[in-house]
Amino acid sequence: MRVHRAGPREEIYFRPEEVKAAIVTCGGLCPGLNDVIRHIVITLEIYGVKKIVGIPFGYRGFSDKELKEMPLSRKVVQNIHLSGGSLLGVSRGGPSVSDIVDRMEERGVNMLFVLGGNGTHAGANAIHNEVSIKLTLFSLIVLSPPSSSLSDRCCKRRLRVAVVGVPKTIDNDILLMDKTFGFDTAVEEAQRAINSAYIEAHSAYHGIGVVKLMGRSSGFIAMHASLASGQVDICLIPEVPFNLHGPHGVLRHLKYLLETKGSAVVCVAEGAGQEFLPKTNAKDASGNIVFGDIGVHLQQEVTRLLAERKINWINVRWELVQTKKYFREIGIPADVKYIDPTYMIRAVRANASDGILCTVLGQNAGAFGWRDRI
Ligand SMILES: Nc1ncnc2c1ncn2[C@@H]1O[C@H](COP(=O)(O)OP(=O)(O)O)[C@@H](O)[C@H]1O
Ligand SMILES: O=P(O)(O)OC[C@H]1O[C@](O)(COP(=O)(O)O)[C@@H](O)[C@@H]1O
C-alpha cells in the first residue's frame, strides 16, 4: 500500500482547457460533503478549469438517463456549505464499473473526484483499474497500488483519466486518519439527544434515557458523545462485548443506578449487541449486511406487552422493550425514554472545526487531480 500526500504539484499533467472534471458523492450523508464539493470546485476554477459537473445521486447518476449532470461553478457552490447534505445527492448501489466508465468516456470526463466511504473507494479503485494508463492518479490519502505495477494492472482502457478519492465516514474509523470530516459535527449534534435523554430520565421517577447513535462497526460517535456529555452512565459499543442479563449485565447495573442515583442514561451504538438480535440475510443496495432487525423479537414482545399494558408499543425498539420488561419482572418501576437521533446527527451542516477540515481536504483534492505521473 502506498499513501500519497495530497496537494499541489510543481508540474501538472493536464491542460486546464482540456479538463472535464466530475464530482460524485456516494454512500450515506455526512456533514461537510458540501464544503468539500465547494472547495474542489473553487480550486479547479483557480487552475482554470471551465468544465466542472456534479454527478447526481452517487454512481447511479452515471447510469440513470433521467439524471442529468449538474454544471458546477464558484457561483453555484458559493453558499452550499451553509446547509447539510450533499448538493449532488447520494445513493447506495448503482451501475457496474464498466457502465460507469462507459458513461465517463461518452461524457468526456477525465478527472473524477469521488467522495465516499469503503464501498465508494472500492468502486473508485475499480474505476481506476478500468480506465487508467500509466498516468494513474488515485487516492487523496486512501489506498494506491505501487507505481511499478501500474502499467501492468491499470491499462484496461488506456484512458487519460485521473481518479481522486476523498475519504468520508461519519464513523471516524479510518486508521490512517486522525479524524474524518463530519465526525466532530456528529458528536456535537449527538450531545443534544443525550442531554434530552438526561433531562427526561432525570425528571421521571426511576427514569432511564436510552440514546442510539450511528456506528455499525465502530463506536467512536457513541463513545465520544458520551465522554463529552458527562451525562451518560453506560456506553455500549460494538468493539466491547457485554451481557444484558446476569450479575454483570447491563440491566443489573441499571437497577443499581436507579437505586443509587434515581435515574440513568444509556448511549448505545447501533452495531452493539447485535448477537442478541435475530440474524437476517438481508443486504442493502450496496451489498452491506443489514443488521438483525428487532422485528420478530419485537413483535413477540410487543404482542405480549400490549395485552398487559394499554400502551402504543408500535415504535418501541428492542432495547427499550428489554429494559422495560426486565424492570417489570423484577417489580421495580422504570420509565424508559428512547431517543434515536440517527439521521439528525448527519443531516446537519458541518460545524466550524469540520468546516476547516473540509476546506483543507477540498483544496488538496482539487489540486491533487493535476499531479504528474506517479
Ligand atoms: N466492491 C465494490 N466495487 C465497486 N463499487 C462498489 C463496491 N462496493 C460498493 N460500491 C459502490 O459504492 C457506492 C457506495 O457504497 P456504500 O457501501 O453504500 O457506501 P460507503 O462508500 O459509504 O461505504 C455504491 O454505489 C456501491 O454500489
Ligand atoms: O441508513 P444508511 O443510509 O444506510 O446509513 C447508516 C450507516 O451509515 C454509517 O453511519 C456509516 O456511514 P459512513 O461510514 O459511510 O459515513 C453507519 O454507521 C450506519 O449504519
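All values derive from a computational prediction rather than experimental measurement.

**A look at the overall build of the protein chain**
Here comes step 1: Counting its secondary structure elements, the protein chain contains 12 helices and 10 strands.
Here comes step 2: Here the protein chain holds 374 residues, and the buried ones make up 52% of them.
Here comes step 3: Restricting the contact set of the protein chain to residue pairs at least 6 apart, pairs at least 24 apart contribute 77%.
Here comes step 4: Of the roughly 17,300 Å² of accessible surface on the protein chain, a fraction of 52% belongs to carbon and sulfur atoms.

**Remarks on the environment of A347**
Here comes step 1: Mapped onto the secondary structure, A347 falls in the loop between β10 (335-339) and α12 (352-368).
Here comes step 2: Along the chain, A347 and I237 lie 110 residues apart, while their C-alpha atoms are 22 Å from each other.
Here comes step 3: Beyond its immediate sequence surroundings of up to four residues, A347 is in contact with G84 and G85.

**Quick look at the pattern of salt bridges**
Here comes step 1: Going through the model one piece at a time under the given rule, you end up with 11 salt bridges.
Here comes step 2: D340 is the partner of K212 in a salt bridge, and the nearest nitrogen-oxygen pair spans 3.7 Å. A residue pair is termed long-range when its members are at least 10 positions apart, and K212 in strand β7 (residues 207-213) and D340 in the loop between β10 and α12 qualify at 128 residues.
Here comes step 3: Judged by its relative accessible area of 11%, K212 is buried.
Here comes step 4: Residue classification places D340 among the partly exposed residues on the basis of a relative accessible area of 32%.
Here comes step 5: We note a salt bridge from D233 to K261, for which the minimum N-O separation is 2.4 Å. On the criterion of sequence distance, the pair formed by D233 in the loop between α8 (220-229) and β8 (234-236) and K261 in the loop between α9 (250-260) and β9 (264-269) is long-range, its members being 28 residues apart.
Here comes step 6: When its relative accessible area of 27% is taken as the criterion, D233 is described as partly exposed.
Here comes step 7: In this structure, a network of salt bridges that share partners links the residues K20, E69 and R107.

**Some words on the site of ligand 2**
Here comes step 1: As a structural note, the neighbourhood of ligand 2 is formed by R92, K168, T169, I170, D171, M214, G215, R216, E270, Y343 and R346.
Here comes step 2: For ligand 2, an oxygen atom lies 3.1 Å from a polar atom in the side chain of R92.
Here comes step 3: Residue R346 places a side-chain N or O atom 2.8 Å away from an oxygen atom belonging to ligand 2.
Here comes step 4: In the complex, 80% of the free accessible area of ligand 2, which totals 480 Å², lies under the protein chains.
Here comes step 5: Each residue belonging to the shell around ligand 2 can be placed in one class, and the counts come to three nonpolar, two polar and six charged.

**Describing the packing of helix α4 (residues 97-107) against helix α5 (residues 118-131)**
Here comes step 1: Between α4 and α5, the least distance of the axes is 9 Å, while the angle of their chain directions is 60 degrees. The orientation of α4 relative to α5 falls into the category oblique. Considering the relative orientation of α4 and α5, their crossing is right-handed. Facing α4, whose interface residues are V97, S98, I100, V101 and M104, α5 presents G123, A126, I127, E130 and V131.

**Considerations on the sheet that holds β10**
Here comes step 1: With parallel pairing, four strands are arranged side by side in an open sheet as β8-β9-β7-β10. What marks the edges here is a single partner per strand, and that holds for β8 and β10. Strand-to-strand, the axes of this sheet are offset by a mean angle of 15 degrees, without reference to chain direction.
Here comes step 2: Inspection of the sheet shows β7 paired to β9 by six bridges, in the parallel sense. By the bridge assignment, G209 is partnered in β9 with V265.

**What about the site of ligand 1?**
Here comes step 1: Close to ligand 1 lie 14 residues, the nearest being R92, G93, G117, T120 and S286.
Here comes step 2: Contacts to ligand 1 include R92, whose side-chain N or O atom sits 2.8 Å from an oxygen atom.
Here comes step 3: The contact in question runs from an oxygen atom of ligand 1 to an N or O atom on the backbone of G117, over 2.9 Å.
Here comes step 4: Look at ligand 1: alone it shows 550 Å² of surface, and the protein chains cover 75% of it.
Here comes step 5: Across the shell around ligand 1, the residue classes break down as three nonpolar, nine polar and two charged.

**Here we look at the packing of helix α1 (residues 33-47) against α12**
Here comes step 1: Here α1 crosses α12 at 40 degrees, and the two axes come no closer than 7 Å. By the angle between their directions, the pair α1 and α12 is classed as oblique. As α1 runs across α12, the sense of the crossing is right-handed. On α12, the residues touching D35, V36, H39, I40, T43, L44 and Y47 of α1 are G355, C358, T359, G362, Q363, A365, G366 and A367.
Here comes step 2: Looking at the contact of α1 with α12 residue by residue, the class counts come to seven nonpolar, seven polar and one charged.

**Concerning α1**
Here comes step 1: Under the 1.5 Å per step criterion, the end-to-end length of α1 is 21 Å for 15 residues, consistent within 8% with the ideal 21 Å.
Here comes step 2: Of all the residues in α1, the buried ones are L33, N34, D35, V36, I37, R38, H39, I40, V41, I42, T43 and L44.
Here comes step 3: In this fold, the buried residues of α1 make contact with β1 (20-25), β2 (51-55), α3 (74-77), β4 (111-116), β6 (162-167) and α12.

**Let's talk about the nonpolar core**
Here comes step 1: Formed by 51 residues in total, the largest nonpolar core has its most connected members in I23, I37, F113 and L213.
Here comes step 2: For this core, the leading source of residues is helix α7 (residues 183-203), giving eight residues.

Thresholds applied
Residues numbered from 1 in each chain as written. Chains lettered and ligands numbered in written order. Predicted model: local features only at pLDDT ≥ 70, side-chain atom pairs only at ≥ 80, totals over all residues. Heavy atoms only, no water. Helix = DSSP H or I, 4+ residues; strand = E, 2+ residues; numbered from the N terminus. Buried < 20%, exposed > 50% of the residue type's maximum accessible area, 1.4 Å probe, protein only. Contact = heavy atoms within 4.5 Å. Areas by Shrake-Rupley, 256 points an atom, 1.4 Å probe, with all protein chains shown as cover. Salt bridge = Lys/Arg side-chain N within 4 Å of Asp/Glu carboxyl O. Near = heavy atom within 4 Å. Polar contact = N/O pair within 3.5 Å; in protein donor to acceptor, adjacent residues only side chain to side chain. Nonpolar A, V, L, I, M, F, W, Y, C, P; charged D, E, K, R; others polar. Axes fitted to C-alpha atoms, helices over the stretch in contact; angles between N-to-C directions. Parallel < 35°, antiparallel > 145°, perpendicular 65-115°, else oblique. Left-handed = near helix turned anticlockwise from the far one by under 90°. Pairing = 2+ DSSP bridges. Expected span 1.5 Å × (residues − 1). Core = buried A, V, L, I, M, F, W, Y, C linked by side-chain atoms within 4.5 Å.

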